[in-house]
Amino acid sequence: MAQQTQVAVIGLGRFGVTVATTLYQMGHDVLAIDQNPSKVQDLAGQVTYAVAVDATDEANLRELGIENFEYAVVAIGANTEASIMVTVILKSMNIPVVVARANTKLHGETLDRLRVSSVVYPESDMGSKLAHDLFLPGVEQYMELTSTYGFSKIKPPMKYLNQTLKESGFSNIRDRYGISVVAIQRENEIILSPDENENLVEDDILVIAGPDDQISKVVGANEFKVDETAE
Ligand code: ATP
């Protein structure tokens, strides 16, 4: 979505409001819809246009010209029936990109069958992120690939500073840590797929991919450093 596009966001709970206001701040044309007039009033001035209608009524959506929109986000969560009905209407209007929010696996699988562009699970995604943030301390950012595998941004263990990736055990997935170094962030520079002879220097940030337990080992190596100096 590089240039300005028209996006309809339906359902203005916390998730829908965040999506709608962020897109508007990014410069997009945002039509926000909720059946609850007070939710719509709360959003005045924060989106292009906010309207209070029942989105399960196709005539209401047609009146708003939604069939000409390129993007629609169905942000209704708890009311599964409404979420599915609205999604069916939007898909039948041939809106090119329909993204739908699901609260449960069954809800998400049903939306998938409607061939939406993508299904998002804000609650479980946040829960998973929090769990990883808590139990992988030292990891600056984590992106889950599966429940046990992810991408992380980490500070390299101190004891490896001024050593090459090879000397530190980061040269490849079969090396000491069983992870892959995808990139090194050095100030504003990104070194993609760094060579195994690249030296790690202070303030480097490593972007690594691998199983969570291996990522924990790398982060744990930082903690060991304290013990080693104490010896
Ligand atoms: P969040 O977790 O994002 O805060 P929520 O769980 O509080 O959401 P949901 O039940 O997912 O609330 O509903 C989100 C919004 O969708 C509510 O503001 C609700 O009024 C709106 N909504 C539900 N059904 C419809 C509908 N048929 N038409 C328009 N808006 C609807």
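Scroll up to find the structure.
Residues numbered from 1 in each chain as written. Predicted model: local features only at pLDDT ≥ 70, side-chain atom pairs only at ≥ 80, totals over all residues. Heavy atoms only, no water.

Asker: Which residues make up the nonpolar core, and what values go with them?
Answerer: In terms of nonpolar packing, the biggest core is built from 25 residues, with Ile10, Ile33, Leu61, Ile66, Val86, Leu90 and Ile95 touching the most fellow members. Going through the elements one at a time, strand E1 (6-10), strand E2 (29-34), strand E4 (71-74), helix H4 (80-92) and strand E5 (97-101) are the ones with two or more residues in this core. When residues in this core are grouped by element, the largest group, 4 residues, is from H4. In contact with Ile10, not counting residues within four places along its chain, are Ile33, Ala55, Val73, Val74, Ala75, Ile76, Val86 and Leu90. Residues Leu136, Ile179, Ile208 and Val219 belong to the second largest nonpolar core, which totals 18 residues. (Core = buried A, V, L, I, M, F, W, Y, C linked by side-chain atoms within 4.5 Å. Buried < 20%, exposed > 50% of the residue type's maximum accessible area, 1.4 Å probe, protein only. Helix = DSSP H or I, 4+ residues; strand = E, 2+ residues; numbered from the N terminus. Contact = heavy atoms within 4.5 Å.)

Asker: I'd like a rundown of the sheet that holds E5, residues and numbers included.
Answerer: Read across the open sheet, the 6 strands follow the order E3-E2-E1-E4-E5-E6; overall the sheet is parallel. On the outer flanks of this sheet lie strand E3 (49-52) and strand E6 (118-120), each paired with one strand and no other. Neighbour to neighbour, the strand axes of the sheet diverge by 15° on average, direction disregarded. Examined bridge by bridge, E5 and E6 share 3 bridges and lie parallel to one another. By the bridge assignment for E6, Ala100 is matched with Val119. (Pairing = 2+ DSSP bridges. Axes fitted to C-alpha atoms, helices over the stretch in contact; angles between N-to-C directions.)

Asker: Outline the site of the ligand, supporting the account with residue identities and numerical values.
Answerer: Taken together, 18 residues sit near the ligand, with Arg14, Phe15, Asp34, Gly77 and Arg101 positioned nearest. One of the backbone nitrogen or oxygen atoms of Gln35 is found 3.1 Å away from a nitrogen atom of the ligand. For the ligand, a nitrogen atom lies 2.9 Å from a polar atom in the backbone of Ala55. For the ligand, whose free accessible area comes to 640 Å², the fraction covered by protein is 84%. For the shell around the ligand, the residue count by class is 7 nonpolar, 6 polar and 5 charged. (Near = heavy atom within 4 Å. Polar contact = N/O pair within 3.5 Å; in protein donor to acceptor, adjacent residues only side chain to side chain. Areas by Shrake-Rupley, 256 points an atom, 1.4 Å probe, with all protein chains shown as cover. Nonpolar A, V, L, I, M, F, W, Y, C, P; charged D, E, K, R; others polar.)

Asker: For the side chain of Asp34, give the residues involved together with the corresponding values.
Answerer: Relative to the elements of secondary structure, Asp34 occurs in strand E2. Lys39 is the oppositely charged side chain nearest to the buried, salt-bridge-free Asp34, at an N-O distance of 5.5 Å. When neighbours within four sequence positions are excluded, Asp34 is seen to be in contact with Gly11, Leu12, Gly13, Lys39, Val40, Val51, Ala52 and Val53. (Lys, Arg positive; Asp, Glu negative; His and termini not counted. Salt bridge = Lys/Arg side-chain N within 4 Å of Asp/Glu carboxyl O.)

Asker: Summarise a nonpolar patch on the surface; cite the residues concerned and give the values.
Answerer: Taken together, the side chains of Met143, Leu145, Tyr149 and Ile173 define a hydrophobic patch exposed on the protein surface, amounting to about 350 Å² of accessible area. Along the chain, Met143 turns up in strand E7 (residues 139-146). A residue is classified by how much of its surface remains accessible, and Met143, at 45% relative accessible area, is partly exposed. (Patch = residues over 30% accessible without salt bridge, like charges linked within 9 Å, V, L, I, M, F, W, Y side chains within 5 Å.)

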